[in-house]
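# Coordinate analysis (summary)
Each chain is listed here by its residues.
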Amino acid sequence: MLRLTLTNLLNHLLPAPCLMCGLASADFQLLCPECDAALPRLNREPFLCRCCALPLTSDAALCGKCLQKPPAFRQSSIAFRYEHPLDHLIHQFKYRRQLSSGKLLARLLAETCRHSERPDFLVPVPIHWRKRWQRGFNQSELMAYWVGKHLEIPVLSACRQEHYHHSQKGLSRAQRLKNLRQSFSIKPANSLTIQAAKIALIDDVVTTTATARTLSELLLKAGAKQVDIWALARTPDH
Ligand SMILES: [Zn+2]
Ligand SMILES: [Zn+2]
């Protein structure tokens, strides 16, 4: 209680400046109202694929890919289009280890997902230990932890990436997908916990949906009841 009050007091005396424009005020934390309004929110898009949240140019229910090859996941709650200035915040968090950017992004993701169907667990997209060691953390795991705190949902790091592919360049699409499929597995210690569980898979940026598709297939095969995707940003189709 005392610590909470002290934190509030410190925030008031030394307000954390807006991470985008640098303006500091006790009225907001890390993002000023103007920069907040300028964020490329996906819910402003007129049409989105109901499954993978890809921005569409017409009011079709599903994008071509989801129509042709329906993914195992049920639906996606994605906060933003992956474009400026959001890419900058994600970059600051992922590659410059600016945790305040990560915390802000987690708060924004939690706001987006607050009204989505509540899962039993948040499961972060895993990264290989070598990548984690290089980066110092798994960005999806940290996001899951912070979003879980905001929404009071437990985090379960149920998946792992065992194989590390240095480069997938020059490989066929089928070979790349096969590599991806073989590189993930469920941690044996979590296989009982995920039985019949509703899961939200936490990812930072959804690009081709290949990772989301692979992991949701894996989780459902292992006994999960349903998998949704909760992610920060979606790259538009080019
Ligand atoms: Zn600002
Ligand atoms: Zn789609």
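Definitions and cut-offs
- Residues numbered from 1 in each chain as written.
- Chains lettered and ligands numbered in written order.
- Predicted model: local features only at pLDDT ≥ 70, side-chain atom pairs only at ≥ 80, totals over all residues.
- Heavy atoms only, no water.
- Donors = N, O, S within 2.8 Å, 3.2 Å for Na, K, Ca; no water.
- Tetrahedral: all angles 85-135°; square planar, octahedral: opposite > 155°, others 65-115°.
- Helix = DSSP H or I, 4+ residues; strand = E, 2+ residues; numbered from the N terminus.
- Buried < 20%, exposed > 50% of the residue type's maximum accessible area, 1.4 Å probe, protein only.
- Patch = residues over 30% accessible without salt bridge, like charges linked within 9 Å, V, L, I, M, F, W, Y side chains within 5 Å.
- Areas by Shrake-Rupley, 256 points an atom, 1.4 Å probe, with all protein chains shown as cover.
- Salt bridge = Lys/Arg side-chain N within 4 Å of Asp/Glu carboxyl O.
- Lys, Arg positive; Asp, Glu negative; His and termini not counted.
- Charge placed at Lys NZ, Arg CZ, Asp CG, Glu CD.

By the naming in an unreviewed UniProt entry, the protein goes by ComF family protein and is assigned to Cellvibrio fibrivorans.

A separate point is the coordination of the zinc ion (ligand 1). Taken together, Cys18 (SG), Cys21 (SG), Cys32 (SG) and Cys35 (SG) make up the protein donors of the zinc ion (ligand 1), found 2.3 to 2.4 Å from the metal. Coordination at the zinc ion (ligand 1) is tetrahedral: its 4 donor atoms span angles of 99 to 116° at the metal. The sequence pattern describing where the donors of the zinc ion (ligand 1) fall on their chain is C-x2-C-x10-C-x2-C. Here the residue Cys18 occupies a position in the loop between α1 (2-13) and α2 (33-37), and Cys32 occupies one in the loop between α1 and α2, the gap between them amounting to 14 residues. With respect to burial, Cys18 and Cys32 carry one shared label: buried.

On the surface, Lys65, Lys69, Arg173 and Arg176 cluster together into a positively charged patch. For Lys65, the location among the structural elements is in helix α3 (residues 64-68).

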